[in-house]
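Close look at the chain arrangement
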Amino acid sequence: MAGRGILDRHSDLELVRLCNEGGSRDSARAFEALYARHKDYVIRVAFRFSRDPDIALDVLQDTFTYLLRKFPPTGDGLVLTAQLTSLLYPVAKNSAISHLRKVDRLSSSGVDPDELAADPPGDPGDLLRIVRDLPEERQEVIILRFVDDMSLADIAAALDIPLGTAKSRLHLAIRQLRDVPEIKNLLSP
Amino acid sequence: MSTDDPHLQELDALPESLVDALRSADRPPALITSRVDREIADLAAGQFAGRGGGARRSRPARVGMVAMAASVLIAVAALLSVFRGPDPERGSIYADIDGSGRIDIADVRALARDVGSNGVSRAEIEAFAARVVELDRGGDAT
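For the structure given in this document, a descriptive report is provided here. Just so you know, these numbers come straight off a predicted model, no measurement behind them.

**Focus on the overall build of chain B**
- What chain B contains, in helices and strands, is six helices and zero strands.
- Start at the N end of chain B and walk to the C end: the helices and strands fall as α-α-α-α-α-α.
- Buried positions account for 24% of the 142 residues belonging to chain B.
- By sequence separation, contacts in chain B at least 24 residues apart represent 41% of the contacts at least 6 residues apart.

What follows is the structure, encoded as structure tokens:
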């Protein structure tokens, strides 16, 4: 991964353009720069849904292989209409869930992957419990907004839902959280 | 955090401790090794291999470049055929084309009527004409 150099300063849009149209060396370096920039995000999403280091690494590879195949000669090229993270998020999430289901089938443990994703091991504390008590889709928008720092447009793109739906879902999630007495106490001066 | 909706800006004020807790809980252990990085780099190198070192152009642009190069070659070939002298191997065109029993300007005209389609170039016709004029002035036709 050495030698990306100046490409590190390029925007995602410029790097994607190089991957679409550049020569072999430039394209490979541009892709490495995209990988270096977003690998931590992808592994975070992968681990968020799987809570399994091996699966998370498989998801990382799946996600960047998916991205790579978008570029010629295997793909028609990538057109970025939102932040790259909003493209990577659903790929990583679906890959993690798919891997979990495979593991589940092999072990026949009967563990619901959604349940695993929603309630990871460890001590989440009362505040986290409050968030995890939200309906799953509201939890998800809270995480995308406050942990992943996504804009509403990027949340909509990541979840493949209309912007209005993303807005109302986030609004309802925040309102529900703010109605919880512990949160109310934290917000009051 | 992005604040792209005025209504949500007001509501975005979730307690910082809650946001911090969410972020801490979402932090994965260090999993990515240099081997993983290398595997991805190898995949990328394989994907883009064969594109050549220069910038890869879009398909329509490449077709345009090829068409332009072909046009230039055709133009150069046409210019060469116009300006070069007669081919020494093509002595047969200096002949009695119309069967009149002599080589004269009528043979040049007969040959010129089918210029291009009979494999004879305009330059060769002009050379033929010059030769005929030379003959008429008493030069050696052989």
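**Notes on the interface of chain B and chain A**
- Every contact between the two is made by 44 residues of chain B and, on the other side, 57 residues of chain A.
- Three residues, Asp26(B), Gln47(B) and Phe48(B), lead the burial of chain B against chain A; their summed loss comes to 15% of the area buried on that side.
- Summed over the shared surface of chain B and chain A, the result is four salt bridges.
- With its nearest N and O atoms 3.1 Å apart, the salt bridge here joins Arg23(B) to Asp149(A).
- At the surface where chain B touches chain A, the tally comes to 11 residue pairs in polar contact (both at pLDDT 80 or more).
- When residues of the side of chain B that touches chain A are traced back to their parent elements, those giving at least two are helix 1 (6–11), helix 2 (16–25) and helix 3 (34–48) of chain B.
- With 10 residues, the single largest contributor to the side of chain B that touches chain A is helix 3 of chain B.
- Broken down by class, the residue content of the side of chain B that touches chain A amounts to 24 nonpolar, nine polar and 11 charged.

**Some points on the nonpolar core**
- Ranked by internal contacts, the top residues of the largest apolar core, which has 67 residues, are Phe31(A), Tyr89(A) and Ile142(A).
- For this core, the element with the highest residue contribution is helix 2 (residues 24–50) of chain A, accounting for 13 residues.
- Residues within four places of Phe31(A) in sequence aside, it is in contact with Cys19(A), Phe64(A), Leu67(A), Leu68(A), Phe71(A), Ile40(B), Ala44(B) and Phe48(B).

Basis of the calculations
- Residues numbered from 1 in each chain as written.
- Chains lettered and ligands numbered in written order.
- Predicted model: local features only at pLDDT ≥ 70, side-chain atom pairs only at ≥ 80, totals over all residues.
- Heavy atoms only, no water.
- Helix = DSSP H or I, 4+ residues; strand = E, 2+ residues; numbered from the N terminus.
- Buried < 20%, exposed > 50% of the residue type's maximum accessible area, 1.4 Å probe, protein only.
- Contact = heavy atoms within 4.5 Å.
- Buried area = accessible area lost by both parts, 1.4 Å probe.
- Salt bridge = Lys/Arg side-chain N within 4 Å of Asp/Glu carboxyl O.
- Polar contact = N/O pair within 3.5 Å; in protein donor to acceptor, adjacent residues only side chain to side chain.
- Nonpolar A, V, L, I, M, F, W, Y, C, P; charged D, E, K, R; others polar.
- Core = buried A, V, L, I, M, F, W, Y, C linked by side-chain atoms within 4.5 Å.

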